[in-house]
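# Chain and residue survey
Listed below, chain by chain, are the residues.
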Amino acid sequence: ELKDNTIIIVFGASGDLAKKKTLPALFGLFRQGFLPRDVKIVGYARTKMDKVEFDKRATSYIKTPEGDSEFAGQVESFKNILTYVSGAYDDGAAFDNLNRHLEEIESKYQSKECNRLFYLALPPSVFIDVARNIKEHCYVTKGGVNRIIIEKPFGKDLESARELLSSVKQYWSEDETFRIDHYLGKEMVKNLLVLRFANVAMGAAWDKNSISNVQITFKEPFGTEGRGGYFDEFGMIRDVLQNHLLQVLSILTMERPVSFSAEDIRDEKVKVLRSIPPIERSDTLLGQYVSANGKPGYLDDETVPPNSVCPTFAATTLWIHNPRWEGVPFILKAGKALNEAKVEVRIQFKDVTQGIFKDISRNELVIRIQPSEAVYLKLNAKTPGLYTRAIPTEMDLTYKRRFTDAKIPEAYEALILDALRGDHSNFVRHDELDVAWKIFTPILHWIDGKNGSPPRPVPYPYGSRGPKELDTFIQKYGYKRSVEA
Ligand code: BG6
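Residues numbered from 1 in each chain as written. Predicted model: local features only at pLDDT ≥ 70, side-chain atom pairs only at ≥ 80, totals over all residues. Heavy atoms only, no water.

The name an unreviewed UniProt entry assigns to the chain is Glucose-6-phosphate 1-dehydrogenase, from the organism Crucibulum laeve. Annotation of the chain in UniProt includes, under Sequence similarities (unreviewed entry), the sentence "Belongs to the glucose-6-phosphate dehydrogenase family." The record held by UniProt for the chain lists under Catalytic activity (unreviewed entry) the comment "D-glucose 6-phosphate + NADP(+) = 6-phospho-D-glucono-1,5-lactone + NADPH + H(+)". (UniProt positions renumbered as here; feature names shortened; annotations may be inferred.)

See the structure below:
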């Protein structure tokens, strides 16, 4: 279903997101033969530079494996499909100029039906200007398809998100709009649907009768490192919980969609999210990292305002009021500057009733999203030998070992390909976003100090597991450590 005559236009082409994610993902698709045959990629940004300079920047994050001349050759061919146009974001004439450039490329295509995919790798301040200017100056009307990809932050709370959504909607229909949450492009997040709905064994235990508590955890081993200006305005909840972790939660807990279609899936996600009331302050733990082991604290980052109380760690517990999940705590937790890099879902099952075995651990199903993708089930088994004792062990599906030759796609590769194909399944629908903000807005306003003085995050050392209060926090929701073997 890929159209051959397609131009991908990357706005913010000289920025960080484009350099680190968008352009390398486009290269990945190009290299694997997934881009439309005669595709061209046009970079657009304010910075004036020539093609040579743009090519250099566009490929600066692509790592050619040592001595791989084929790969190096592909990088050179990739440069052949790149062009660059500079211009302001609020200047209609500059967009006319861009449009002339696009028409010139299209005049060489055989078919007159040309498609344009606009990728906005831009800060929110110029978002609306660009969405409008593209529509007014660069929108193809001769039978081709126009699509626009946008990236978070989609507002800062319910009200600002609604404003943003409706401004973009004036120019772009829902069908043409692809809102990225790159977690939806991750292999193990996509795997959740299959694990849940292609296995009777999983489905049978997937409710409050079997499950005690669920944790969805995001850990990063580095701090803001110069990105503090952006981060401080948003904080850990807006950066990761309200989008990435909530998306994981909704797929994990939704009812079975009527079909695998984008709208059926998203209908179910919205439905489960609507069963979640706004988060309570008492269900929240906030932290901020401080200097330790020679590493700087959050407030030592020069781009962070002095005395900022912005949380760099947040744990919050969500409750789903429906028959399947009533009473099961869902703990979302995320932090920067922690002891390791890890994103995982940990489903802890209830105790065995009236156990005939003593001191046994609870079952846990762990879905490790990254690094080293894996699904493993912690269960109890008999120790081999001439006596019977239950010991905790694991059924382990580690992807690297099980699928030895498989290449796990980059999230951005998967998502750009979906957008080219017009598949919305892994993009955020407007009502999903609305309900996500409803859950988080009250707590965010409290943290922002909108209703009085803001809460003080508890300090935790750079490189630690997080605030020391965390263990008590998760135990409060019924999490039990496993018994040591
Ligand atoms: C982004 C956040 O959305 O996700 C970053 O803004 C965070 O702060 C990143 O580092 C994490 O993405 P990934 O794919 O590295 O887990």
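That was the structure; now back to the text.
Bringing the state of the cysteines into the picture now. Scanning the entire structure with this criterion turns up zero disulfides. There is no disulfide at Cys-138, and the cysteine sulfur nearest it, in Cys-114, is 14 Å away. (Disulfide = S-S within 2.5 Å.)

With that out of the way, let us pick up unusual backbone geometry. Looking along the chain, the bond that leaves Lys-152 and enters Pro-153 is cis, with omega of 5°. Position of Pro-153 among the secondary structure elements: in the loop between β5 (146–151) and α6 (158–169). A cis amide bond, omega -15°, links Gln-370 with the succeeding residue Pro-371. Assignment of secondary structure puts Pro-371 in the loop between β12 (364–370) and β13 (374–382). Although it is not a glycine, Asp-359 adopts a positive phi angle of roughly 50°. With respect to the helices and strands, the residue Asp-359 is situated in the loop between β11 (342–349) and β12. At Ser-372, a position not held by glycine, the phi torsion is positive, near 50°. Along the chain, Ser-372 falls in the loop between β12 and β13. A relative accessible area of 22% means that Ser-372 is categorised as partly exposed. (Helix = DSSP H or I, 4+ residues; strand = E, 2+ residues; numbered from the N terminus. Buried < 20%, exposed > 50% of the residue type's maximum accessible area, 1.4 Å probe, protein only.)

Attention shifts here to the UniProt feature "domain: Glucose-6-phosphate dehydrogenase NAD-binding" (unreviewed entry) in the chain. Per the UniProt record, the feature "domain: Glucose-6-phosphate dehydrogenase NAD-binding" (unreviewed entry) sits at residues 9–191. For residues 9–191, the helix share is 45%, the strand share is 16%, and the end-to-end C-alpha distance is 30 Å.

Once that is clear, we can look at the sheet that holds β13. Pairing within the open sheet is mixed, and its nine strands lie in the order β14-β13-β12-β11-β7-β10-β9-β8-β15. In this open sheet, the two strands that pair with only one neighbour each are β14 (390–398) and β15 (458–461). Adjacent strand axes in the sheet meet at a mean angle of 20°, parallel and antiparallel pairs treated alike. Inspection of the sheet shows β11 paired to β12 by six bridges, in the antiparallel sense. (Pairing = 2+ DSSP bridges. Axes fitted to C-alpha atoms, helices over the stretch in contact; angles between N-to-C directions.)

Another point: the packing of helix α1 (residues 16–31) against helix α3 (residues 69–80). Interaxial distance between α1 and α3 falls to 10 Å at its minimum, and their mutual angle equals 110°. When the axis of α1 is compared with that of α3, the two are roughly perpendicular. Two packed elements cross with a definite hand, and for α1 against α3 that hand is right-handed. Contact residues: α1 offers Leu-23, Leu-26, Phe-27, Phe-30 and Arg-31, while α3 offers Phe-71, Gln-74, Val-75, Ser-77 and Phe-78. Residue composition of the contact of α1 with α3, grouped by class: seven nonpolar, two polar and one charged. (Parallel < 35°, antiparallel > 145°, perpendicular 65-115°, else oblique. Left-handed = near helix turned anticlockwise from the far one by under 90°. Contact = heavy atoms within 4.5 Å. Nonpolar A, V, L, I, M, F, W, Y, C, P; charged D, E, K, R; others polar.)

Looking now at the UniProt feature "domain: Glucose-6-phosphate dehydrogenase C-terminal" (unreviewed entry) in the chain. On the UniProt side, "domain: Glucose-6-phosphate dehydrogenase C-terminal" (unreviewed entry) is annotated at positions that read residues 193–479 here. Helix makes up 31% of residues 193–479 and strand 23%, with an end-to-end C-alpha separation of 25 Å.

In terms of nonpolar packing, the biggest core is built from 146 residues, with Phe-11, Ile-41, Leu-98, Ile-134 and Phe-440 touching the most fellow members. In terms of residue count, the dominant contributor to this core is helix α9 (residues 228–253) (eleven residues). In this view, Leu-98 contacts Ile-9, Phe-11, Val-42, Tyr-44, Val-85 and Cys-138; residues no more than four positions away in its chain are not counted. (Core = buried A, V, L, I, M, F, W, Y, C linked by side-chain atoms within 4.5 Å.)

What follows covers empty space enclosed by the protein. Applying the stated criterion to the full structure yields three cavities of 30 Å³ or more. By volume, the largest cavity amounts to about 180 Å³. Lining the largest cavity are 19 residues, and of these Phe-154, Asp-181, Gln-242, Asn-243 and Leu-433 lie nearest its centre. Contributions of two or more residues to the lining of the largest cavity are made by α9 and α13 (430–447). When residues of the lining of the largest cavity are assigned to their parent elements, the largest contribution, seven residues, is made by α9. Considered class by class, the residues forming the lining of the largest cavity number nine nonpolar, six polar and four charged. (1 Å grid on protein atoms, 1.4 Å probe; cavity = no way out; pocket = protein on both sides within 12 Å on 5 of 7 lines; lining within 4 Å. Points joined across faces, edges and corners; volume = space filled by probe spheres on them.)

The strand order across the open sheet formed by six strands is β3-β2-β1-β4-β5-β6, and the pairing between neighbours is parallel. Either end of the sheet is taken by a strand with one partner, and the two such strands are β3 (82–86) and β6 (177–180). For this sheet the average axis-to-axis angle between neighbouring strands, irrespective of direction, equals 20°. Looking at chain direction, strand β1 (residues 6–11) and strand β2 (residues 40–45) are connected through five bridges and run parallel. Note on β2: the bridge partner recorded for Ile-7 is Lys-40.

Time to look at the environment of Ser-250. One can find Ser-250 in helix α9. In this structure, the C-alpha to C-alpha distance between Ser-250 and Val-270, residues 20 residues apart in sequence, is 7.9 Å. The residues contacting Ser-250, other than those within four sequence positions of it, are Lys-269, Val-272 and Leu-273. Looking at Ser-250, its side chain comes within polar contact range of the main-chain oxygen of Gln-247, at 2.9 Å. (Polar contact = N/O pair within 3.5 Å; in protein donor to acceptor, adjacent residues only side chain to side chain.)

Looking now at the site of the ligand. If you check the shell around the ligand, you find Lys-152, His-182, Tyr-183, Lys-186, Phe-218, Glu-220, Arg-227, Asp-239, His-244, Lys-336 and Gln-370 and nothing else. Lys-186 is positioned with one of its side-chain polar atoms (N or O) 2.6 Å from an oxygen atom of the ligand. Glu-220 places a polar side-chain atom, nitrogen or oxygen, 2.4 Å from an oxygen atom of the ligand. Notes on the ligand: free accessible area 390 Å², of which the protein chains cover 80%. When its residues are assigned to classes, the shell around the ligand shows two nonpolar, three polar and six charged. (Near = heavy atom within 4 Å. Areas by Shrake-Rupley, 256 points an atom, 1.4 Å probe, with all protein chains shown as cover.)

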